[in-house]
Amino acid sequence: SIDPDLILIPSIWPETYCYTLSHALRSGRPVAGFDIGAVGTRLRAAGQGNLGARYSVLPLSLAREPAALLDELIAAAGVRDITCIAPCEMAAAAGG
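Residues numbered from 1 in each chain as written. Predicted model: local features only at pLDDT ≥ 70, side-chain atom pairs only at ≥ 80, totals over all residues. Heavy atoms only, no water.

Overview of the pattern of salt bridges
- Enumeration according to the criterion identifies one salt bridge in this entry.
- Between D35 and R44 there is a salt bridge, with its nearest N and O atoms 2.9 Å apart. (Salt bridge = Lys/Arg side-chain N within 4 Å of Asp/Glu carboxyl O.)

Quick look at the structure:
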């Protein structure tokens, strides 16, 4: 069973919609994504907060600093370990 503490949508291209984000938002988990294209727009519409809030819009500059990004995401999720899963596995776990 997949039980993520936080879902990151790591798109660095201005997507026009993002179906993975739709599944993530329906999952009931905290979701974070970069402030670019539909991901940033939709996360803001869903309720933006600071990192650690339910939906977080991250500055795109963090995409160039993976160690800093990982540190912030782990701290925000309140976990000591991190596991990455493929979007199709996440969608299946969310019932999609």
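With respect to the environment of C18
- Tracing the backbone through its elements, the reader meets C18 in the loop between β1 (7–9) and α1 (19–26).
- By relative accessible area, C18 is classed as buried at 9%.
- Between the alpha carbons of C18 and V39 there is a distance of 6.9 Å; along the sequence they are 21 residues apart.
- Apart from the residues within four sequence positions on either side, C18 is in contact with I9, V39 and R42. (Helix = DSSP H or I, 4+ residues; strand = E, 2+ residues; numbered from the N terminus. Buried < 20%, exposed > 50% of the residue type's maximum accessible area, 1.4 Å probe, protein only. Contact = heavy atoms within 4.5 Å.)

A look at the pairing of strand β2 (residues 31–34)
- Alternating positions in β2 separate into two faces, V31 and G33 on one and A32 and F34 on the other, with burial throughout.
- Note that β1 and β2 share three bridges and pair parallel. Considered in β2, the bridge of I9 is made with G33.
- With four bridges connecting them, β2 and strand β4 (residues 55–58) associate as parallel partners. Bridge pairing in β4 links V31 to Y55. (Pairing = 2+ DSSP bridges.)

What about the nonpolar core?
- Grouped together as the largest cluster of nonpolar side chains are 11 residues: I7, I9, C18, L21, A24, L25, V31, V39, L43, Y55 and V57.
- At three residues, α1 tops the list of elements feeding residues into this core.
- Ranked by size, the runner-up nonpolar core spans seven residues in total, among them I36, L58, L69 and L73. (Core = buried A, V, L, I, M, F, W, Y, C linked by side-chain atoms within 4.5 Å.)

Describing the environment of L6
- In this structure, L6 sits in the segment before β1.
- Taking the C-alpha atoms as reference points, L6 and I74, 68 residues apart in sequence, are found 8.7 Å from one another.
- In this structure, L6 is in contact with P30, A32, L73 and A77, ignoring residues within four places of it in sequence.

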